[in-house]
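Overview (structure and organization)
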Amino acid sequence: MVRIGIDIEKCIGCGACVNACPVSLYKIVNEKTKVVGSTEKCVLCRACETACPVGAITVNE
Ligand code: SF4
Ligand code: SF4
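Residues numbered from 1 in each chain as written. Chains lettered and ligands numbered in written order. Predicted model: local features only at pLDDT ≥ 70, side-chain atom pairs only at ≥ 80, totals over all residues. Heavy atoms only, no water.

**Comments concerning the site of ligand 2**
- The environment of ligand 2 is formed by 13 residues, the closest being Cys 11, Cys 14, Gly 15, Cys 17 and Cys 52.
- Looking at the shell around ligand 2 residue by residue, the class counts come to 10 nonpolar, three polar and no charged. (Near = heavy atom within 4 Å. Nonpolar A, V, L, I, M, F, W, Y, C, P; charged D, E, K, R; others polar.)

If you want it as structure tokens, here you go:
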């Protein structure tokens, strides 16, 4: 099971995670990122973690 942790305090709403995720799990809502799809779709590529400029995302199995 994949757990996506988002530190909402750190998130600056840049949208990099939205653009990076190949299975469209993120969406910007009220200038913060939000996981909108089922985390079962996550392919554990960690592109979101890498893309985030402020280290707000952690993907754990
Ligand atoms: S690890 Fe990859 S597939 Fe999973 S949420 Fe991040 S970008 Fe999307
Ligand atoms: S890449 Fe990081 S800072 Fe940018 S919207 Fe996503 S979680 Fe927020």
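**Re empty space enclosed by the protein**
- Counted under the stated rule, the structure contains two cavities of 30 Å³ or more.
- Its boundaries defined by the atoms lining it, the largest cavity holds a volume of some 80 Å³.
- Split into classes, the residues belonging to the lining of the largest cavity amount to 11 nonpolar, three polar and no charged.
- Here the second largest cavity is characterised by a volume of approximately 70 Å³.
- What lines the second largest cavity is simply Ile 4, Cys 21, Pro 22, Val 23, Leu 25, Tyr 26, Cys 42, Val 43, Cys 45, Arg 46, Cys 48 and Val 59.
- By residue class, the composition of the lining of the second largest cavity is 11 nonpolar, no polar and one charged. (1 Å grid on protein atoms, 1.4 Å probe; cavity = no way out; pocket = protein on both sides within 12 Å on 5 of 7 lines; lining within 4 Å. Points joined across faces, edges and corners; volume = space filled by probe spheres on them.)

**Description of the environment of Ile 28**
- The residue Ile 28 is located in strand E2 (residues 26-29) in this model.
- A relative accessible area of 31% means that Ile 28 is categorised as partly exposed.
- When the C-alpha atoms of Ile 28 and Val 18 are compared, they prove to be 7.5 Å apart, with 10 residues separating the residues in sequence.
- Among residues more than four places away in sequence, those in contact with Ile 28 are Gly 13, Gly 15, Val 18 and Thr 33. (Helix = DSSP H or I, 4+ residues; strand = E, 2+ residues; numbered from the N terminus. Buried < 20%, exposed > 50% of the residue type's maximum accessible area, 1.4 Å probe, protein only. Contact = heavy atoms within 4.5 Å.)

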